[in-house]
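Tertiary structure, described
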Amino acid sequence: MTIISGKDLRKHYIAGETKVEALKGLNFTLDAGDFAAFVGPSGSGKTTLLSLIGCLDKPTGGLLEVCGTDVGKLDRKAGARFRGENIGFVFQDFNLIPVLTVYENIEYPLMIVNPLPEEERKKRIMALLEEVGMTDQSHKYPDQLSGGQKQRVAVARALVTRPKLVLADEPTANLDHKTAYMILELMKKMRAETGTTFIFSTHDQKIIGEAERIFTLEDGELTGTSRTGGNNNA
Amino acid sequence: MLKRLSVFLTLVFMAAAAHAIDGDALLREVDRNLEPPSYEMYRKLINVEPDGRKKEFVLYMVRKGNEKVAGVFLSPASDKGRGMLRLGDNMWLYIPNVGKPIRITSLQSATGGVFNNADILKIDFGAEYAVEKMEETGDQYLLHVKAKNKTVAYDRLNIWVDKKQKLPVKLECLTEKGMLIKTLYYKDVKDFGEGIVRPSVIETDSPLYKGYKSVMIFSKIKKRDLKDEVFTLTFMPKVDTLR
Amino acid sequence: MLKIFKMAVRNTHRYARRSLLIVSLIAVGVVFVQVYMAATNSYKNLIISQITDSMLGHIQVHKKGYLVSVENVPLNMNLTAEQTARAEAILKGNPLVESYSTRIKLGGMISNFAETTNIRLAAINPGEEFKTVPLLPSRILEGTSNLKPGEALVPELLAKGMKLKTGDTVVLVATNKDGSVNGKQFTIGGIIETAPGPGGRDGYILLADAMELLRMEPPEISEIAVRLKDFSKLEPAFNSLMKAFMQEKNKDGKPVFEIHTWEKLSPFSAIAKMINMMTLMVKIMLVAIVLIGIMNVMIMSVYERTREIGTIAAIGTQPNTILAMFMAEGLCLGAAGVIAGNILSVAVIYGVRLMHVTFAFGMREGFVLTPEVNPVDFSIISAIVLAVAVLGSLQPAWKASRLEPVKALKSI
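Residues numbered from 1 in each chain as written. Chains lettered and ligands numbered in written order. Predicted model: local features only at pLDDT ≥ 70, side-chain atom pairs only at ≥ 80, totals over all residues.

1. Describing the overall build of chain C
When you go through chain C residue by residue, the secondary structure sums to 13 helices and twelve strands. By the compact-globule yardstick of 22 Å for 412 residues, chain C is too spread out, its C-alpha radius of gyration being 31 Å. Structurally, chain C occupies a C-alpha span of about 100 × 50 × 30 Å along its principal axes. Split into buried and exposed, the 412 residues of chain C put 43% on the buried side. (Helix = DSSP H or I, 4+ residues; strand = E, 2+ residues; numbered from the N terminus. Rg over C-alpha atoms; globule rule 2.2 N^0.38 Å. Buried ≥ 20, exposed ≤ 12 C-beta atoms within 10 Å, placed from the backbone.)

2. Describing the environment of C:Val33
Residues and elements named next belong to chain C. Structurally, the position occupied by Val-33 is in helix H2 (residues 16–56). Val-33 gets classed as buried once you count the C-beta atoms within 10 Å, which come to 23. Sequence separation between Val-33 and Gly-341 is 308 residues, and the spatial gap between their C-alpha atoms is 9.6 Å. The residues touching Val-33, leaving out its near neighbours within four places in the chain, are Val-282, Lys-283, Leu-286 and Ile-381. (Contact = placed C-beta atoms within 7 Å.)

3. Quick look at the interface of chain B and chain C
Facing the 19 residues of chain B at the interface are 18 residues of chain C. In terms of residues, the side of chain B that touches chain C owes the most to one element, strand E6 (residues 102–104) of chain B, which gives three residues. Here the residues of the side of chain B that touches chain C sort into six nonpolar, eight polar and five charged. (Nonpolar A, V, L, I, M, F, W, Y, C, P; charged D, E, K, R; others polar.)

4. Concerning the interface of chain C and chain A
Taken together, the 18 residues of chain C in the interface contact 20 residues of chain A. Those elements that provide at least two residues to the side of chain C that touches chain A are helix H1 (2–14), helix H10 (306–314), helix H11 (319–355) and helix H13 (405–410) of chain C.

5. Examining the packing of helix H9 (residues 268–304) of chain C against helix H12 (residues 375–401) of chain C
To describe two helices that pack against each other, one gives the angle between their axes and the distance between the axes. All names here are of chain C. Between H9 and H12, the least distance of the axes is 8 Å, while the angle of their chain directions is 30°. The angle between the axes of H9 and H12 places the two elements in the roughly parallel class. The interaxial crossing formed by H9 with H12 has right-handed handedness. Residues Val-287, Val-290, Leu-291, Ile-294, Met-295, Met-298, Ile-299 and Val-302 of H9 pack against Ile-384, Val-385, Val-388, Ala-389, Leu-391, Gly-392, Ser-393, Gln-395, Pro-396, Ala-397, Lys-399 and Ala-400 of H12. Looking at side-chain class alone, the contact of H9 with H12 contains 16 nonpolar, three polar and one charged residues. (Axes fitted to C-alpha atoms, helices over the stretch in contact; angles between N-to-C directions. Parallel < 35°, antiparallel > 145°, perpendicular 65-115°, else oblique. Left-handed = near helix turned anticlockwise from the far one by under 90°.)

6. Quick look at the pairing of strand E7 (residues 165–169) of chain A
Residues and elements named next belong to chain A. Counting buried residues in E7 gives five out of five residues, a clear majority hidden from the surface. What you see with E7 is no split at all: Leu-165, Leu-167 and Asp-169 on one side and Val-166 and Ala-168 on the other are buried throughout. Sheet topology note: the strand E6 (residues 87–90)/E7 ladder contains four bridges and is parallel. Pairing of Val-90 across the sheet is with Ala-168, part of E7. Where E7 and strand E8 (residues 197–202) come together, five bridges link them in parallel fashion. Looking across to E8, one finds that Ala-168 is bridged to Phe-200. With helix H6 (residues 177–194) bridging E7 and the parallel E8, this β-α-β connection has right-handed handedness. (Pairing = 2+ DSSP bridges. Right-handed = clockwise from strand over helix to strand, strands pointing away.)

7. Quick word on the sheet that holds strand E1 (residues 2–15) of chain A
Residue and element names in this part refer to chain A. With antiparallel pairing, four strands are arranged side by side in an open sheet as E2-E1-E4-E5. The two strands at the open ends of the sheet, each matched to only one other strand, are strand E2 (18–31) and strand E5 (69–70). By the bridge criterion, two bridges tie strand E4 (residues 61–66) to E5 in an arrangement that is antiparallel. Within E5, the position partnered with Val-66 by the bridge is Thr-69. Contacting E1, E2 and E4, helix H1 (residues 46–53) crosses the sheet at an angle of about 120° to E1.

8. Some words on the sheet that holds strand E3 (residues 35–39) of chain A
The strands that make up a sheet are held in pairs by hydrogen bonds between backbone atoms, and each pair lies either parallel or antiparallel. All names here are of chain A. A sheet is described by the order of its strands in space; here six strands give the open sequence E6-E7-E8-E3-E9-E10, paired in mixed fashion. Of all strands in the sheet, those with a lone pairing partner are E6 and strand E10 (221–227), marking the two edges. Between one strand and the next, the sheet's axes are offset by a mean angle of 20°, whatever the strand orientation. Bridge count for strand E9 (residues 213–218) against E10 is six bridges, and the pairing is antiparallel. Bridge pairing links Arg-213 to Arg-227 in E10.

9. Considering the domain arrangement of chain C
Taken domain by domain, chain C comprises domain 1 (2–51 + 270–410) and domain 2 (65–255). Its C-alpha centre places domain 1 of chain C at a distance of 50 Å from the equivalent point of domain 2 of chain C. (Domains from an automatic or database assignment.)

10. Let's talk about helix H2 (residues 76–86) of chain A
All buried positions along H2(A) are accounted for by A:Gly79, A:Ala80, A:Arg83, A:Gly84 and A:Asn86. Elements in contact with the buried residues of H2(A): E6, helix H3 (102–113) and E7 of chain A together with H10 and H11 of chain C.

11. Examining the confidence of the model for chain A
All names here are of chain A. Mean pLDDT over chain A stands at 87; residues scoring 70 or higher make up 97%. Element-level pLDDT for chain A is lowest in helix H7 (residues 205–208), with a mean of 76, against a maximum mean of 92 in E6. Overall, residues 230–234 carries pLDDT values under 50, and its contacts beyond four positions in sequence, including any with other chains, amount to ten contacts. (pLDDT = per-residue confidence, 0-100.)

12. With respect to the packing of H2(C) against H11(C)
Residue and element names in this part refer to chain C. Packing of H2 against H11 leaves a shortest axis separation of 7 Å and a crossing angle of 40°. On the basis of the axis angle, H2 is oblique to H11. When you trace H2 past H11, the crossing you get is right-handed. Classifying every residue of the contact of H2 with H11 by side-chain character gives 17 nonpolar, seven polar and no charged.

13. Thoughts on the environment of C:Ile22
Residues and elements named next belong to chain C. The residue Ile-22 is located in helix H2 in this model. In this structure Ile-22 comes out as buried when scored by C-beta crowding, with 25 C-beta atoms within 10 Å. Each C-alpha atom of the pair Ile-22 and Val-346 lies 21 Å from the other, and the pair is 324 residues apart in sequence. Those residues within four positions of Ile-22 in sequence are excluded, and the remaining contacts are Gly-293, Ile-294, Val-297 and Leu-333.

14. What to know about the nonpolar core
Counting residues in hydrophobic clusters, the biggest one holds 113 residues, and the most contacted among them are B:Trp92, B:Leu143, C:Ala123, C:Ala152 and C:Leu172. Looking at this core, the element that brings in the most residues is strand E2 (residues 97–111) of chain C, giving six residues. Two domains each provide a minimum of three residues to this core, namely domain 1 (2–51 + 270–410) and domain 2 (65–255) of chain C. Formed by 110 residues, the second largest nonpolar core is a distinct cluster that contains A:Val155, C:Val35, C:Phe326 and C:Ala328. (Core = buried A, V, L, I, M, F, W, Y, C linked by C-beta atoms within 7 Å.)

Okay, structure coming up:
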């Protein structure tokens with residue numbers, strides 16, 4: 001089932017007096033349950049593409065449908081609601097809320113974004129803590145955790161609302177290789193258990209190998225897509 | 001040149017001196033023309049208010065020289081028996097209800113209206129004032145007089161005197177700085193007998209009491225010698241018996 | 001909602017020193033305003049009650065035109081017996097009136113036989129008068145407030161000047177309405193202290209004695225002093241009395257009476273107004289401090305947490321929720337400042353009371369300043385500070401809620 005569909009997708013910015021074309025008419029689809037990577041050098045547009053898919057920004061041309069919704073038509077409030085219901089985010093810099101504990105960070109979306117009653121909440125959070133292996137650290141604050149631990153919490157937070165789609169922008173950039181693999185394995189495991197689609201952007205070649213679908217971007221254009229069970233020479 | 005100047009100056013001084021002497025002499029004449037030094041007299045005082053209402057008092061007065069003056073109200077009934085006494089600079093008021101005289105000042109008024117105690121218990125001008133300057137304007141002399149001491153009611157007077165009759169026509173009472181307190185107008189010269197020919201009516205008004213007017217009408221003035229004991233505090237309730 | 005506040009409190013702790021500073025600033029401002037208000041209210045109320053309770057009364061009624069010539073103590077501007085009766089009927093019929101007292105005001109002379117000087121007198125009915133002006137007896141320095149016929153209360157300054165003491169005989173001389181002069185002997189029943197303001201140097205005699213002295217037949221009244229049950233209801237009481245009195249008209253269709261509150265009768269009301277104005281300025285200053293302080297702190301907070309804001313927006317937090325989060329922070333800072341400030345204020349106010357600060361007014365000394373903790377004033381100031389704290393965080397919170405997640409996430 002197609003979960004994301006882009007048709008002649010365009011995005012430009014005005015930087016001072018110049019118009020920068022970040023995406024120059026992309027055409028692609030992704031299916032539910034995909035474990036995909038957007039790869040390309042800096043400035044290739046992968047972060048921009050991820051932002052559009054994540055409804056954090058709007059296309060300036062073409063059509064982008066996510067989970068069946070034309071995201072170009074969402075206003076600020078509707079966009080926030082859509083994101084809260086359908087999308088989870090994992091960031092390069094983890095972006096945990098400093099004043100909340102591990103437990104509370106994971107709890108946040110279920111309190112503020114998509115409220116659930118306490119019993120239900122607790123069950124879900126404890127299960128996720130178990131999954132990401134942070135049960136013992138649940139009372140700690142982000143500044144007491146290592147990078148890997150923070151990212152694990154971030155993954156749990158991204159999944160707690162059971163979104164259809166998780167977007168991760170360079171999720172392993174600030175982690176050592178061992179931890180990076182660990183995070184990727186975790187995401188794969190969650191994909192297997194929940195059927196959530198995972199898309200991450202990276203320019204780390206070693207990580208790319210873990211993806212099952214690879215979209216190559218260069219200068220705002222999609223120069224290649226491939227399916228792979230393992231390595232890729234793109 | 002110097003000789004001419006000194007002669008001129010001497011003449012000027014003499015003329016001034018002559019005038020000064022004339023001024024005080026004139027004042028003395030005016031005093032004698034107005035009243036003999038010892039007399040008894042009947043007067044009516046009328047106070048007129050701005051709305052036209054009138055209040056009349058009848059007063060009987062006796063005087064001996066410049067040191068002793070006494071008076072008593074004869075009417076209206078509400079004021080009958082009220083007495084006043086002047087001895088030198090001191091004045092007293094006697095109210096029958098009260099029974100004992102109280103000491104008052106010359107500026108306070110025993111009757112209300114524009115006349116005050118000094119006006120009612122008047123003595124010779126010359127006893128209280130000295131002439132500072134004298135002018136001549138047509139058929140009148142104008143005397144500028146100043147009080148001899150601080151206890152006198154008014155610090156300065158301007159007196160217009162008729163040249164022929166040597167009687168006052170108009171009198172202004174002023175403060176030391178020359179502010180007008182009240183003006184007296186002498187009218188209706190009458191012959192009261194025994195050589196007393198003088199104005200029988202004095203009208204008064206004051207810029208300090210706008211709209212109010214007071215009138216004094218003299219009806220009888222007779223020379224009379226009186227004993228000293230008449231002018232004492234104990235005699236005040238009995239002044240009426242002299243009539 | 002609770003979560004938002006929990007986060008807000010934790011966020012204020014995050015920048016502990018900054019938060020402490022702004023909370024202290026607000027607390028200091030609150031202390032200043034609360035203590036100032038308590039002190040000035042105590043001052044004002046002491047003086048006003050001196051004026052109204054020891055001399056003027058809360059409200060006075062006269063014949064129309066009296067007040068303009070009040071300095072002359074005019075006898076031709078008195079109320080007739082019939083007019084007085086009508087006035088009394090109106091006063092008796094008004095439920096807000098506690099009591100009233102009729103007076104004759106006159107000018108005359110007082111003499112100890114050797115010396116005579118001017119005096120202003122108020123003729124009263126002691127029973128009525130002391131009910132209406134309850135502090136009057138406390139002004140009596142020697143002698144008795146129980147005035148008997150033929151007795152007079154003489155003002156202190158005059159008594160000193162003429163060397164009079166209780167029991168001495170004096171003469172009071174007055175010019176009657178028709179111009180005649182009357183006098184009467186009186187015994188000095190007591191010496192009365194000067195009060196601040198007009199009428200503060202009056203001597204007192206009984207109404208009956210005044211009517212005899214002034215040969216008033218039929219009897220007349222110069223003024224009626226009125227005391228209200230509740231002084232805080234001065235304005236509504238005055239309005240209702242004014243309406244009733246203005247209905248009374250004479251043959252020409254013009255009003256018979258005029259009625260004034262103590263404010264129109266005493267120059268102190270101008271001072272009281274000035275004090276109120278200064279209190280207002282102090283409150284405005286407090287508002288400015290809180291507004292600018294909170295705004296400053298919140299602007300910095302939002303700026304520093306731009307990426308965090310982007311994050312929570314990205315994961316689906318509604319703009320209004322973000323707005324609420326930051327306003328809650330501002331409110332928490334304001335609340336902390338208010339609570340600290342109020343506690344300190346109470347301490348300072350009680351401290352001032354213990355110090356027994358005294359001040360003088362007019363000719364009197366030894367007024368003791370007794371500031372009170374007034375719950376209404378405290379609540380109003382607290383509410384104002386909280387409202388301003390919310391207002392001050394509004395703009396920064398609004399900007400936070402309007403941040404574009406994409407741009408916010410890119411920031412450091």
